[in-house]
Amino acid sequence: VLSTLGSPAEAQPKPPANSREMLLVHWNDISGKVVKLAEEFPEDKYSFKRVDGVRSFADQLRHVAFWNIYLARTARGEKVDTAPNEISKTEFATKSKIVEALKRSVEDAAAELKKQPDTPPLKVADGFTAFIAHNGEHYGQLVVYYRLNGLVPPASRGQ
């Protein structure tokens, strides 16, 4: 019986080789969870918000995508106007457009991180650390939107 379970070493994921890889693991993990929420939330509920004065589900995602784009651009050394605070509601009005923009923003930031040395400069590492936390905060908010709509978030469904 024990031989069919494999060795403990096989069960453990390989630890990241360096700081860049560690950041990439965490970036991909939380970003993947946010994308999955976006993909699976019903389109007819994208305008849902519990009370006035808070962002809708769609607004949350447009906000996350904006700051992911900011992260990628600042990692390239570009200047970004932060005033909009979200991608355009007009250009990204539908679920499919929002999900596409969100995925692209995640991939673009990951691609910039992959270009970094094993130990990224402090400014880049700090940016990724901050936006891993930022995406985690919005992930938590989006999970509440799921629950308020009687839905079980993907990560809570089990295998």
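Everything below is about the structure printed above this text.
Residues numbered from 1 in each chain as written. Predicted model: local features only at pLDDT ≥ 70, side-chain atom pairs only at ≥ 80, totals over all residues. Heavy atoms only, no water.

A. Geometry of the overall build of the protein. Helices and strands together make up the secondary structure of the protein, namely 6 helices and 0 strands. Of the regular secondary structure in the protein, the N- to C-terminal order runs α-α-α-α-α-α. Structurally, the protein occupies a C-alpha span of about 55 × 45 × 25 Å along its principal axes. The buried share of the protein, reckoned over its 159 residues, is 39%. (Helix = DSSP H or I, 4+ residues; strand = E, 2+ residues; numbered from the N terminus. Buried < 20%, exposed > 50% of the residue type's maximum accessible area, 1.4 Å probe, protein only.)

B. Geometry of the packing of helix 3 (residues 19-40) against helix 4 (residues 57-75). Packing of helix 3 against helix 4 leaves a shortest axis separation of 11 Å and a crossing angle of 150 degrees. Put simply, helix 3 runs roughly antiparallel to helix 4. Note that helix 3 runs across helix 4; the crossing there is left-handed. The residues of helix 4 that touch helix 3, namely those facing Trp27, Val34, Leu37 and Ala38, are Phe57, Leu61, Asn68 and Leu71. Its residues placed into classes, the contact of helix 3 with helix 4 shows 7 nonpolar, 1 polar and no charged. (Axes fitted to C-alpha atoms, helices over the stretch in contact; angles between N-to-C directions. Parallel < 35°, antiparallel > 145°, perpendicular 65-115°, else oblique. Left-handed = near helix turned anticlockwise from the far one by under 90°. Contact = heavy atoms within 4.5 Å. Nonpolar A, V, L, I, M, F, W, Y, C, P; charged D, E, K, R; others polar.)

C. Region of the structure containing the environment of aspartate 108. If you trace the backbone, aspartate 108 turns up in helix 5 (residues 95-114). Overall, aspartate 108 belongs to the partly exposed group, its relative accessible area being 29%. When the C-alpha atoms of aspartate 108 and alanine 72 are compared, they prove to be 6.1 Å apart, with 36 residues separating the residues in sequence. Excluding its chain neighbours within four sequence positions, the residues that come into contact with aspartate 108 are Ala72 and Arg76.

D. Region of the structure containing the pattern of salt bridges. Counting across every chain of the model gives 14 salt bridges. For arginine 20, the salt bridge identified is with aspartate 118, shortest N-O distance 3.0 Å. Of this pair, arginine 20 sits in helix 3 while aspartate 118 is found in the loop between helix 5 and helix 6 (122-148), placing the two residues 98 residues apart along the sequence. Through salt bridges that share partners, Arg73, Arg76, Glu78, Asp108, Glu112 and Lys115 make up one connected network. (Salt bridge = Lys/Arg side-chain N within 4 Å of Asp/Glu carboxyl O.)

E. Broad picture of the packing of aromatic side chains. Evaluated as defined, the whole model comprises 12 aromatic pairs. Relative to phenylalanine 131, the ring of tryptophan 67 has its centre 6.1 Å away and its plane inclined at 15 degrees; by these criteria the two rings are stacked. Placement of tryptophan 67 in helix 4 and of phenylalanine 131 in helix 6 is noted, with a sequence separation of 64 residues between them. Per residue, the accessibility class of tryptophan 67 equals that of phenylalanine 131, and both read buried. Of the aromatic side chains, those joined through ring pairs into one cluster are Phe41, Tyr46, Phe48, Phe57, Tyr145 and Tyr146. A cation over a ring is seen here: lysine 33 above tyrosine 139, with NZ or CZ 5.9 Å from the ring centre. (Phe/Tyr/Trp six-rings, centres within 6.5 Å; stacked < 30°, edge-to-face > 60°. Lys NZ or Arg CZ within 6 Å of the ring centre and 35° of its normal.)

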